[in-house]
Amino acid sequence: MKKQRVFVAGHNGMVGSALVRALKKVDDVEVITRTRSELDLMNFQSVNDFFSSQAIDQVYLAAAKVGGIVGNNTYPAEFIYENLSIQNNVIHAAHLNNINKLLFLGSSCIYPKFAAQPIREDLLLTGRLEETNEPYAVAKIAGIKMCESYNRQYGRDYRSVMPTNLYGENDNFHLSNSHVIPSLIRRFDEARSQDLDEVIVWGSGSPKREFLHVDDMAEACVFVMNLDSMVYQSSTEPMLSHINVGSGKDLTIKELAFVIASVVGYKGKIVFDTSKPDGTPRKLMDVGRLNNMGWKSSIELAEGLETTYKWFLDNKNNFRGK
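This structure is a prediction, so every number in the text was calculated from the model and none was measured.

K.L.:
Give a detailed account of the packing of aromatic side chains, specifying residues and quantitative values.
P.N.:
If you walk through the whole model with that rule in mind, you get nine aromatic pairs. Taking the centre distance of 6.2 Å and the plane angle of 80° together, the rings of Phe-79 and Tyr-136 count as edge-to-face. Pair noted here: Phe-79 is in helix α4 (residues 76-96) and Tyr-136 is in helix α5 (residues 134-154), with a separation of 57 residues, a long-range link. Each member of the pair, Phe-79 as well as Tyr-136, carries the same accessibility label: buried.

Have a look at this one:
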């Protein structure tokens, strides 16, 4: 049987590398990857030439410029420009080369800042976005609508999944430009090794967040990509083409901080700096649609944090000076 040639865009990132691990478990799949130096996704001609020469059957679009509150606040122009450019190039070139199946990965930040909880898919574009990551969110919304538009106009099967906050192997542990879990893991680890009396955490600690291990996310992506088209379409409405992916559980940042401190073994004081922004008060995804399709997350937060910290320790030298 001929193997499906599946291109994972962004395979070196946290999500992309998890997708590669998940896809390599599938017998009839040949995973195709390219490094940034081999294929510049910001260059349309390069992307188009790649697709025209490689006979790709499916595309997982996991390439993106990502970061936490600091990164989004500091580099809003890069966040909107680079993400729009990458997804425009990949989606349009896939269409031009008659690649009929594509999965676009978005983010839960697409939803309004004060969306009713848990957040249903149909709340997209019903209110203002969180200010700290609006450019990134607008780019991701555009990606959803681009997939939706090519489906409507050309009959493509381009699907979109909106993951909750992800963490795990290959996360970004940069000191000032990372998401909350890798940031806290690194800071608590450094505080423990330096025997510091306290660690300062941004914000009040009161916002609630949902987290999903990236290996769960990858399994969900493969599941959604391979759903029968009738099943997928019966669970989406016209102009509502995306599916939430999450654990369906959340906790406060304060609770998360104490859990991570325990995993790392830090026993000092945790101080919350209320002069720093909190971001969205709560972001819990309604994952009923995906659950009804037959998929649920399986990696509990405590287990996922343990394995993520172990990976961090194994790769700690790679983050020195960053």
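K.L.:
Please provide a residue-by-residue account of the pattern of salt bridges, values included.
P.N.:
A full pass over the atoms with the stated rule returns 19 salt bridges. Of the charged contacts in the structure, one is a salt bridge between Lys-113 and Glu-130, with a shortest N-O distance of 3.4 Å. Residue Lys-113 is found in the loop between β4 (101-105) and α5, and its partner Glu-130 is found in the loop between β4 and α5; the two are separated by 17 residues along the sequence. When its relative accessible area of 16% is taken as the criterion, Lys-113 is described as buried. The salt bridge involving Asp-189 is made with Arg-192; its shortest N-O contact spans 3.0 Å. Taken together, the residues Asp-189 and Arg-192, both in helix α6 (residues 180-193) and three residues apart, mark about one turn of the helix. Using a relative accessible area of 0% as the deciding quantity, one classes Asp-189 as buried. Residue class for Arg-192 comes out partly exposed when judged on its relative accessible area of 35%. A network of salt bridges, in which partner residues are shared, links Lys-113, Arg-128, Glu-130 and Glu-131.

Analysis parameters
Residues numbered from 1 in each chain as written. Predicted model: local features only at pLDDT ≥ 70, side-chain atom pairs only at ≥ 80, totals over all residues. Heavy atoms only, no water. Phe/Tyr/Trp six-rings, centres within 6.5 Å; stacked < 30°, edge-to-face > 60°. Helix = DSSP H or I, 4+ residues; strand = E, 2+ residues; numbered from the N terminus. Buried < 20%, exposed > 50% of the residue type's maximum accessible area, 1.4 Å probe, protein only. Salt bridge = Lys/Arg side-chain N within 4 Å of Asp/Glu carboxyl O.

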